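So the chains spell out like this:
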Amino acid sequence: MGEKKKLLGLSLEQLKELVLQEGLPAFTAKQLASWLYTHKVSSFDEMTNLSKQARQKLSERYEVGLTKYSACFTSKDGTKKYLFPVREGEVVEAVMIPDGDRATLCVSSQAGCKMGCRFCMTGRGGWHGNLSAADILSQFFAIDEAAVLTNAVFMGMGEPFDNYEVVSSVLTVLTADWGLAWSPKRITVSTIGVLPVLKRFLDEHKCHLAVSLHNPFPQERAEMMPVQKAWDIKEILSLIRTYDFTGQRRVSFEYTMFASWNDDKRHADALARLLRGLECRVNLIRFHKIPDFPYSTTPDVVMEAFKNRLIANGITTTIRSSRGEDIFAACGLLAGEHKDKTLSSK
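What counts as what
- Residues numbered from 1 in each chain as written.
- Predicted model: local features only at pLDDT ≥ 70, side-chain atom pairs only at ≥ 80, totals over all residues.
- Heavy atoms only, no water.
- Buried < 20%, exposed > 50% of the residue type's maximum accessible area, 1.4 Å probe, protein only.
- Helix = DSSP H or I, 4+ residues; strand = E, 2+ residues; numbered from the N terminus.
- Arc of directions from axis to C-beta.
- Contact = heavy atoms within 4.5 Å.
- Core = buried A, V, L, I, M, F, W, Y, C linked by side-chain atoms within 4.5 Å.
- Pairing = 2+ DSSP bridges.
- Axes fitted to C-alpha atoms, helices over the stretch in contact; angles between N-to-C directions.
- Salt bridge = Lys/Arg side-chain N within 4 Å of Asp/Glu carboxyl O.
- Parallel < 35°, antiparallel > 145°, perpendicular 65-115°, else oblique.
- Left-handed = near helix turned anticlockwise from the far one by under 90°.
- Nonpolar A, V, L, I, M, F, W, Y, C, P; charged D, E, K, R; others polar.
- Phe/Tyr/Trp six-rings, centres within 6.5 Å; stacked < 30°, edge-to-face > 60°.
- Lys NZ or Arg CZ within 6 Å of the ring centre and 35° of its normal.

(A) Representation of helix H1 (residues 12-21) in the model. Residues of H1 that are buried: Leu12, Leu15, Leu18 and Val19. Buried residues of H1 fall within an arc of 115 degrees about the axis and therefore sit on the same side. Those residues of H1 that are exposed and angled more than 90 degrees off the buried face are Glu17, Leu20 and Gln21. Those residues of H1 that are buried lie in contact with helix H2 (28-38), helix H3 (52-61) and strand E2 (62-63).

Right under this line is the structure:
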């Protein structure tokens with residue numbers, strides 16, 4: 001027999017097709033959805049309201065598909081980084097960020113990344129494959145804080161829009177009544193600007209959008225982010241401006257600051273002009289130094305001045321708190337550096 005198909009990540013409609021194909025009653029699909037997404041079971045044996053015959057039949061060709069984490073590292077600030085094996089020799093990283101009564105999961109969508117942003121450790125390691133829906137949902141279901149998660153950000157390893165079909169199916173599971181029934185307001189999806197997919201996302205989902213911008217000048221942005229050569233940030237903004245972000249859905253722009261590269265008045269004023277009239281937020285991010293990279297972190301006093309200049313120009317701006325740097329869980333540091341090592345929980 002070939003490899004068993006994973007059920008985790010299938011929609012209710014897909015589960016209906018599956019059970020009918022297997023000669024099982026149609027109502028079995030709702031039972032399966034409940035066990036998968038409400039009870040978060042890891043085996044058919046736990047699905048006690050299915051007949052023994054049904055469980056046996058399903059187990060011959062299918063598996064739940066839940067993967068447990070292989071290691072966990074805890075930061076001094078309470079942030080936790082989980083490692084998940086996704087294929088032989090590869091792991092991806094998910095980060096749980098506690099903040100008062102909030103518990104936010106930073107989710108990976110790929111093993112590595114194709115986009116090649118110079119300041120990102122994930123991109124430096126290259127691309128090693130897309131994650132399946134089961135791989136992504138395991139990050140939600142298998143961590144110690146699964147029962148208390150309040151929010152999710154698709155800002156981990158990989159470009160979510162480069163694995164859109166799978167990410168979209170996961171968003172459906174997270175927000176559907178038969179799934180986790182989360183409000184889309186609890187979820188933010190980040191992209192560096194994959195223009196063709198961006199329109200699909202904005203049409204198909206109501207989750208928040210975060211765009212990695214990092215420089216308002218196209219030529220300078222292209223030096224750090226090769227995607228700029230394919231899809232100009234101005235084209236991205238033109239599309240975004242055709243959607244309503246004044247109500248339930250928000251758009252934000254991520255702006256990592258590098259000393260003497262993108263942190264002066266010229267950049268602040270250009271960024272304000274670029275975003276003028278758009279209901280949005282700019283998140284300023286401290287750069288975490290990485291090897292063989294010429295730029296360093298912008299001093300706090302310069303970041304504050306940059307923030308205040310944007311605010312004076314009518315742009316809502318915050319400086320994002322840096323979390324989990326001591327366990328390499330902060331922005332831009334996820335790299336899967338643990339692959340091919342023996343992993344054990346700690």
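So that's the structure; there's more coming.
(B) Quick look at the nonpolar core. Counting residues in hydrophobic clusters, the biggest one holds 105 residues, and the most contacted among them are Phe140, Phe154, Ile240 and Phe253. Here Phe154 is in contact with Val107, Ile136, Phe140, Pro160, Val167, Val170, Leu171, Leu174, Ile187, Thr188, Val189 and Ser190, once residues within four sequence places are set aside.

(C) Local environment of the sheet that holds strand E6 (residues 102-106). Strands sit in the order E3-E4-E5-E6-E9-E10-E11-E12-E13-E14 across an open sheet of 10 strands; the sheet is mixed. Both edges of this open sheet fall to strand E3 (71-74) and strand E14 (316-319), since each of them pairs with a single strand only. When strand polarity is set aside, the average angle formed by the axes of neighbouring strands in this sheet is 20 degrees. As judged from the three bridges shared by E6 and strand E9 (residues 151-154), these two strands associate in the parallel manner. Directly across from Thr104, in E9, lies its bridge partner Asn151. Strands strand E12 (251-257), strand E13 (281-286) and E14 of the sheet are contacted by helix H12 (residues 300-312), whose axis makes an angle of about 175 degrees with E13.

(D) Broad picture of helix H7 (residues 195-204). Buried within H7 we find Leu195, Val197, Leu198, Phe201 and Leu202. With its buried residues spanning 150 degrees around the axis, H7 presents them on a single face. Considering only its buried residues, H7 is in contact with helix H6 (164-175), strand E10 (187-191), strand E11 (208-212) and helix H10 (233-240).

(E) The arrangement of the pattern of salt bridges in detail. Within the structure shown, the criterion is met by 13 salt bridges. Across the pair Lys199 and Asp203 runs a salt bridge whose closest N-O atoms are separated by 3.2 Å. Of this pair, Lys199 and Asp203 both sit in helix H7, four residues apart, which is roughly one turn of the helix. Looking at Lys199, the relative accessible area reads 41%, which means it is partly exposed. Relative accessible area serves as the criterion here: at 46%, Asp203 is assigned to the partly exposed category.

(F) Structural context of the packing of helix H5 (residues 133-141) against H6. Where H5 meets H6, the axes come as close as 9 Å, and the angle between the chain directions of the two elements is 45 degrees. Between H5 and H6, the angle falls in the class oblique. With respect to the hand of their crossing, H5 and H6 are arranged in right-handed fashion. Within the contact between the two elements, H5 uses Ala133, Ile136, Leu137 and Phe140 and H6 uses Val166, Val167, Ser169, Val170, Val173 and Leu174. Of the residues in the contact of H5 with H6, the class split is nine nonpolar, one polar and no charged.

(G) Region of the structure containing the packing of aromatic side chains. Taken as a whole and assessed by the stated rule, the structure comprises 16 aromatic pairs. Seen from their ring centres, Phe140 and Trp182 are 6.0 Å apart, and the 75 degrees between their planes marks the pair as edge-to-face. Residue Phe140 is found in helix H5, and its partner Trp182 is found in the loop between H6 and E10; the two are separated by 42 residues along the sequence. On the accessibility criterion, Phe140 (1% relative accessible area) is buried. Members of the aromatic cluster, each reached through a chain of ring pairs, are Phe119, Phe258, Trp261, Phe287, Phe293 and Tyr295. Looking at Lys40, its charged tip hangs above the ring of Phe141, at a distance of 5.3 Å from the centre. The ring of Trp127 carries the charged tip of Lys114 above its face, separated from the ring centre by 4.3 Å.

By themselves, these figures tell us nothing about what the structure is for.
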